[in-house]
Amino acid sequence: MKTLVQNKTNSYCETGNYHTFCPISCVSWLYQKIEDSFFLVIGTKTCGYFLQNALSVMIFSEPRYAMAQLEEGDISAQYNEYSELLKVCLKIKKDRLPKVIFWIGTCTTEIIKMDLESTAKKIEAEIEVPIVVANANGLDYSFTQGEDTVLAALIKKAPLRKNKSLNTTPQLFLFGSLPNFISTQLSLELSKQGIKVAGWLPSSKFTQLPSIAPGDFVCGVHPYLSRAAYTLIRQRECRLIIAPFPIGPDGTRAWIEKICVTLGYSISGLKEREKQIWNKLVSYTNKLEGKTVFFTGDNLLELSLARLLTSCKMKVCEIGIPYLDKRYQAGELELIEKICKEQGIRMPKIVEKPDNYNQLDRIREFQPELVITGMALANPLEARGINTKWSVEFTFAQIHGFGNSENLLKLITRPLSRTQHLVNT
Ligand code: SF4
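Note that the coordinates shown come from a computational prediction; the quantities given were computed from them, not determined experimentally. (Residues numbered from 1 in each chain as written. Predicted model: local features only at pLDDT ≥ 70, side-chain atom pairs only at ≥ 80, totals over all residues. Heavy atoms only, no water.)

Undergrad: Teacher, can you tell me more about the packing of aromatic side chains here?
TA: The geometry of two aromatic rings is summed up by the distance between their centres and the angle between their planes. A full pass over the atoms with the stated rule returns eight aromatic pairs. Ring geometry for Phe21 against Phe143: centres 5.0 Å apart, planes inclined by 50°, an arrangement best described as tilted. Linking Phe21 in the loop between strand S2 (11-13) and helix H1 (27-33) with Phe143 in the loop between strand S6 (131-135) and helix H7 (145-155), this pair joins segments that are 122 residues apart in sequence. Pairing Tyr31 with Tyr65 gives two aromatic rings, centres 5.3 Å apart and planes at 70°, and the pair type is edge-to-face. Taken as a pair, Tyr31 in helix H1 and Tyr65 in strand S4 (residues 65-69) lie far apart in primary sequence, 34 residues in all. Judged by relative accessible area, which is 8%, Tyr31 ranks as buried. Its relative accessible area of 9% is what places Tyr65 among the buried residues. By way of ring pairs, the aromatic residues Phe21, Trp29, Phe50, Phe143 and Phe396 are connected into one cluster. (Phe/Tyr/Trp six-rings, centres within 6.5 Å; stacked < 30°, edge-to-face > 60°. Helix = DSSP H or I, 4+ residues; strand = E, 2+ residues; numbered from the N terminus. Buried < 20%, exposed > 50% of the residue type's maximum accessible area, 1.4 Å probe, protein only.)

This is the structure in structure tokens:
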């Protein structure tokens, strides 16, 4: 059954029957980013199996995350959740000395309506370690949105700066988890324009969370952080800079430009910088030009990647995406529309909450030269002669800023080069 429902823009909504990672997977990168944290996933064996398999060898390195595995007695309320979780948290405190414990709620805690927030308040007072509760369940969210729910919860714990005098200049804070050296690279790019980044959320240490004041500017680096963005607007009265995301040379330039324009700084040398980067990437863009690409959609990075590939003159057949927040992604939407207009091509179709079965029909029809998709579909498509790129890699690889553009295009061209190599041998 094909159920495409079109709305005002060129986007459609399908059935939501698609493969993606569970959002609890965000613990794998967030525990590494927030060095003094511990993540406790409160769920069932299903969640445990997922984490154990998805995070692969990482589980052998004594990671700072664990499962509080719910049993029959928890679900039928025979056990007291307060005393059970208190025991677990006391053990974590004793063994790992964290400065913060994140509780990650799952489908089960959501369905049995466990009141994690009030239990956390009591236990926090008891153990004297802050507890941040985030519901990163697979019922409401997909994959990278796990980070979004964690950041939204973390913002509530960030210190509030005292009211500034009217003459004080508002500060700029960036939000989104990136390895430290990449956040430093982006901060340096802005400092070349004279802009100082006052802090990042998350910081590398919970104890160094930035103090944000009403009126401060905030800007995101990932396309999947709409909930965190609205929390900053509503709860901290921050001003959100809506820009494309710093992915690829075009996105990075547009991101810096938008920040400069909003803060009233003049832009210097950015056009040339972007051109220099594109010049270095010619061998990759030559491989991509004119080829067709299809995104099945699972990590919310799809729109930014499709915009970059349109700049590389690829033809985008379809942009599948789990969820598109048109306000938060307005900068990205504008940029891809602008690029399409400049190239005289139609805006690609965006399919929100895609249906993988229907998408397979469309892939058969389009016969794209590259499909960016999850592992469930990758090998079956390869066996049918269609090149695929595993989409999860974009979440874990370094793809932000001018400096990582080559890394990003290398990832995208690799399957095409491999096929070419096989044909030639
Ligand atoms: S989808 Fe729900 S049950 Fe499955 S791993 Fe995620 S939180 Fe656990």
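The structure having been displayed, the exposition proceeds.
Undergrad: Help me understand the packing of helix H13 (residues 302-311) against helix H14 (residues 330-343), please; the structure alone is not making it clear to me.
TA: When two helices pack together, their arrangement is given by the angle between their axes and by how far apart the axes lie. At a minimum axis separation of 10 Å, H13 and H14 run at an interaxial angle of 20°. Taken together, the axes of H13 and H14 are roughly parallel relative to one another. H14 is crossed by H13, and the crossing has left-handed handedness. Of the residues in H14, those in contact with Leu303, Ser304, Ala306, Arg307, Thr310 and Ser311 of H13 are Glu332, Leu333, Leu335, Ile336, Ile339, Cys340 and Gln343. When its residues are assigned to classes, the contact of H13 with H14 shows seven nonpolar, four polar and two charged. (Axes fitted to C-alpha atoms, helices over the stretch in contact; angles between N-to-C directions. Parallel < 35°, antiparallel > 145°, perpendicular 65-115°, else oblique. Left-handed = near helix turned anticlockwise from the far one by under 90°. Contact = heavy atoms within 4.5 Å. Nonpolar A, V, L, I, M, F, W, Y, C, P; charged D, E, K, R; others polar.)

Undergrad: I keep staring at the pattern of salt bridges and nothing clicks. Help me out?
TA: Two side chains that carry opposite charge are able to pair once their charged atoms sit near each other. If you walk through the whole model with that rule in mind, you get 16 salt bridges. Close ionic contact of Arg362 with Glu14 constitutes a salt bridge, the shortest N to O distance being 3.0 Å. With Arg362 in helix H15 (residues 356-366) and Glu14 in the loop between S2 and H1, the pair connects residues that are 348 residues apart, well separated along the chain. Per residue, the accessibility class of Arg362 equals that of Glu14, and both read buried. In this structure, Arg362 engages Glu318 in a salt bridge whose closest nitrogen and oxygen atoms are separated by 2.6 Å. (Salt bridge = Lys/Arg side-chain N within 4 Å of Asp/Glu carboxyl O.)

Undergrad: Help me out: how do you make sense of the nonpolar core in this one?
TA: A general tendency of soluble globular proteins is for nonpolar side chains to be buried together. Among the nonpolar cores identified, the biggest contains 100 residues, and Ile104, Phe175 and Trp255 are the most heavily contacted of them. Residues within four places of Ile104 in sequence aside, it is in contact with Ile24, Val27, Phe39, Leu40, Val41, Ile42, Ala134, Ala136 and Val150. Residues Leu85, Ile101, Ala120 and Val129 belong to the second largest nonpolar core, which totals 19 residues. (Core = buried A, V, L, I, M, F, W, Y, C linked by side-chain atoms within 4.5 Å.)

Undergrad: Can you help me understand the site of the ligand in this one?
TA: Taken together, Cys22, Cys47, Thr106, Cys107 and Gly138 make up the full set of residues near the ligand. Its residues assigned to classes, the shell around the ligand comprises three nonpolar, two polar and no charged. (Near = heavy atom within 4 Å.)

Undergrad: Explanation requested: H15 in the structure shown.
TA: Structural remark: α-helix, 3.6 residues per turn; residues separated by three or four positions point the same way. Burial in H15 covers these residues: Asn356, Asn358, Gln359, Arg362 and Ile363. Taken down its axis, H15 places every buried residue within 150° of arc, on the same side. In H15, the exposed positions that point more than 90 degrees away from the buried face belong to Tyr357, Arg364 and Glu365. On its buried face, H15 sits against strand S11 (292-295), strand S12 (315-321), strand S13 (349-352), strand S14 (370-373) and helix H16 (375-383). The distance from a side-chain oxygen at the start of H15 to the backbone nitrogen of Tyr357 is 2.9 Å, and the residue carrying that oxygen is Asp355. Downstream of H15 by a residue or two, Gln367 has a phi angle that is positive, lying close to 50°. (Arc of directions from axis to C-beta. Polar contact = N/O pair within 3.5 Å; in protein donor to acceptor, adjacent residues only side chain to side chain.)

Undergrad: Just to check I follow, could you spell out helix H2 (residues 45-54) for this structure?
TA: When H2 is considered as a whole, its buried residues turn out to be Cys47, Gly48 and Leu51. Taken end-on, H2 shows its buried residues confined to a sector of 100°, consistent with a single buried face. Turned more than 90 degrees away from the buried face of H2, the exposed residues are Thr46 and Asn53. Residues of H2 that are buried sit in contact with H1, strand S3 (37-43) and S4.

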